[in-house]
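# Structural characterization, general
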Number of protein chains: 2
Amino acid sequence: MTLDQFFPFWKELTPAQQETLTRFVTRRSVKKGTILHNGSEDCVGLFIVEEGQLRAYIVSEEGKEISLYRLLPWDMCLFSASCMMNSIQFDVTVIAEQDSEILHIPTAVYQGMMKESASVANFTNEIMASRFSDVMWLMDQILYKRMDSRLAALLLEESQLSQTSQLKLTHEAAARYLGSAREVITRMLKYFQTEGIVSLSRGGIAITDSEKLAALAKDSIR
Amino acid sequence: MTLDQFFPFWKELTPAQQETLTRFVTRRSVKKGTILHNGSEDCVGLFIVEEGQLRAYIVSEEGKEISLYRLLPWDMCLFSASCMMNSIQFDVTVIAEQDSEILHIPTAVYQGMMKESASVANFTNEIMASRFSDVMWLMDQILYKRMDSRLAALLLEESQLSQTSQLKLTHEAAARYLGSAREVITRMLKYFQTEGIVSLSRGGIAITDSEKLAALAKDSIR
């Protein structure tokens, strides 16, 4: 991946800005499990995922994690440079979920370009809006509709009834049962998949971590 | 309030941009209870609060509301112009919580300036980051720590023990009891106050809506 491929604003940068960015960007290989950014403790810079997968999450005082979103190839991680903006007052942790290849941009370099170029600032705006949308979706589904627990309870019930962890349940049927929409169920199942709880295939849903599923389902009776 | 007072980037605009903005901004008086923006249905433009108070919230399918944040004088409402950014994929409702005086900026005018000026784009970035932080705080406290329910249960218990709605409980004591920090309790109490559940004074905490408080507290046993 080259910078002019990644950044939609590349052509709008001045030659001097292009040169600065090129000079300060470094490539890093990180092992699965590496914590790239740890809450407010650091402001390590921006990451662009070339290969692999990063996960952003928050941690409660008791050590419980909630995944906020995943960063896949061609995604950029903004909050590892949260000191860039005064108004970011929350802390996420970013971990490599697979062995990953990433590009690193120092905070000051990116921040300088954002101040100079409306294109860079607007690009940053769109990335933040996109993460904001991810978090709002999660909040809506988890906090409000308890869709995570309710879906988990449904999967568990299906599995117990049919005495198998290979469920034939369709997304449509689950949606009908829970009074939701197919798209919502599909998105939540994908979230479960990235959490390692189920594995999705054309034929159906396989439960891969029944303990996690049971823990989620238990909440649905609260 | 004049535009040059409100916008920190005013001096960095060209005379033509200043004139455009001035020409298209209109003043509106809105009555308490007016819905200014209703989810994805509209993209009415940006609002600056001159006087009064707006509230942004999300609504569940069952009609339950969660307040995300308040907009007070000198605050700007961005999400009533959410069509401005492609990546904003969630819907908030904005209502006037008091009779309010607001300045209205058409979406296209602001969007045009954001594209041209890095200062406008970065200002917008900071506002979004600030709202994002509000929502993350809420999610952390409500979803994770159930601090809303736990604090409500504590207030209710205190009130029943002392047979009064005028509690002498200090924020420090509540924090100690709930294993939290004083700042967290103070912020949550202020949130309760804007929700009309309590009224705060130097002397203590007065319960003003015991039904809402009881409903919140009930959740703490889930």
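Residues numbered from 1 in each chain as written. Chains lettered and ligands numbered in written order. Predicted model: local features only at pLDDT ≥ 70, side-chain atom pairs only at ≥ 80, totals over all residues. Heavy atoms only, no water.

Within an unreviewed UniProt entry, the label attached to chain A reads Crp/Fnr family transcriptional regulator, and the organism entered is Youxingia wuxianensis.

Counting its secondary structure elements, chain A contains 8 helices and 11 strands. If you line up chain A on its principal axes, its C-alpha atoms span 65 × 35 × 30 Å. For chain A, buried positions account for 53% of its 222 residues. Within chain A, contacts between residues separated by at least 24 positions form 68% of all contacts whose residues are at least 6 apart in sequence. When the 23 basic and 28 acidic side-chain charges of chain A are each reduced to a single mean position, those positions are 5 Å apart. (Helix = DSSP H or I, 4+ residues; strand = E, 2+ residues; numbered from the N terminus. Buried < 20%, exposed > 50% of the residue type's maximum accessible area, 1.4 Å probe, protein only. Contact = heavy atoms within 4.5 Å. Lys, Arg positive; Asp, Glu negative; His and termini not counted. Charge placed at Lys NZ, Arg CZ, Asp CG, Glu CD.)

Here we take up the interface of chain B and chain A. Counting from both sides, the interface comprises 44 residues of chain B and, opposite them, 44 residues of chain A. Together, the buried faces of chain B and chain A total about 3900 Å²; carbon and sulfur atoms form 68% of this surface. Inspection of the chain B/chain A interface yields 0 salt bridges. The greatest single-element share of the side of chain B that touches chain A, amounting to 19 residues, is contributed by helix H4 (residues 118-144) of chain B. Each residue belonging to the side of chain B that touches chain A can be placed in one class, and the counts come to 23 nonpolar, 11 polar and 10 charged. (Buried area = accessible area lost by both parts, 1.4 Å probe. Salt bridge = Lys/Arg side-chain N within 4 Å of Asp/Glu carboxyl O. Nonpolar A, V, L, I, M, F, W, Y, C, P; charged D, E, K, R; others polar.)

This next bit is on the sheet that holds strand S11 (residues 204-207) of chain B. Hydrogen bonds between backbone groups are what pair the strands of a sheet, and the pairing can be parallel or antiparallel. Residue and element names in this part refer to chain B. The 3 strands lie next to each other as S9-S11-S10, forming an open sheet whose pairing is antiparallel. The open sheet has two free edges, formed respectively by strand S9 (166-167) and strand S10 (198-201), since each of these has just one partner strand. Of the pairings in the sheet, the one linking S10 to S11 comprises 4 bridges and is antiparallel in character. Note on S11: the bridge partner recorded for Leu200 is Ile205. (Pairing = 2+ DSSP bridges.)

We now examine the packing of aromatic side chains. Remark: the centre distance and the inter-plane angle together describe each pair of aromatic rings, the angle taken between the planes. Overall, the coordinates contain 15 aromatic pairs over all chains when judged by the stated rule. Relative to Phe123(A), the ring of Phe9(A) lies with its centre 5.2 Å away and its plane at 80°, an arrangement referred to as edge-to-face. One end of the pair, Phe9(A), is in the loop between helix H1 (3-6) and helix H2 (15-24); the other, Phe123(A), is in helix H4 (residues 118-144), with 114 residues separating them in the sequence. Each member of the pair Phe9(A) and Phe123(A) is classed as buried. Here the aromatic rings of Phe79(A) and Phe132(B) are separated by 5.5 Å at their centres, their planes lie at 80°, and the arrangement is edge-to-face. One end of the pair, Phe79(A), is in the loop between strand S6 (76-77) and strand S7 (93-96); the other, Phe132(B), is in helix H4, on a second chain. Looking at Phe132(B), the relative accessible area reads 1%, which means it is buried. Connected via pairs of aromatic rings, a cluster forms that spans Phe6(A), Phe7(A), Phe9(A), Trp74(A) and Phe123(A). Sitting above the plane of the Tyr69(B) ring, Arg131(B) keeps its charged end 5.3 Å from the centroid. (Phe/Tyr/Trp six-rings, centres within 6.5 Å; stacked < 30°, edge-to-face > 60°. Lys NZ or Arg CZ within 6 Å of the ring centre and 35° of its normal.)

What follows deals with the packing of helix H5 (residues 147-162) of chain A against helix H7 (residues 182-194) of chain A. All names here are of chain A. Between H5 and H7, the least distance of the axes is 11 Å, while the angle of their chain directions is 85°. One element, H5, and the other, H7, form an angle in the roughly perpendicular class. Counted together, Met147, Asp148, Leu151, Ala152 and Leu155 of H5 and Val184, Ile185, Met188, Leu189 and Phe192 of H7 form the full contact between these two elements. By residue class, the composition of the contact of H5 with H7 is 9 nonpolar, no polar and 1 charged. (Axes fitted to C-alpha atoms, helices over the stretch in contact; angles between N-to-C directions. Parallel < 35°, antiparallel > 145°, perpendicular 65-115°, else oblique.)

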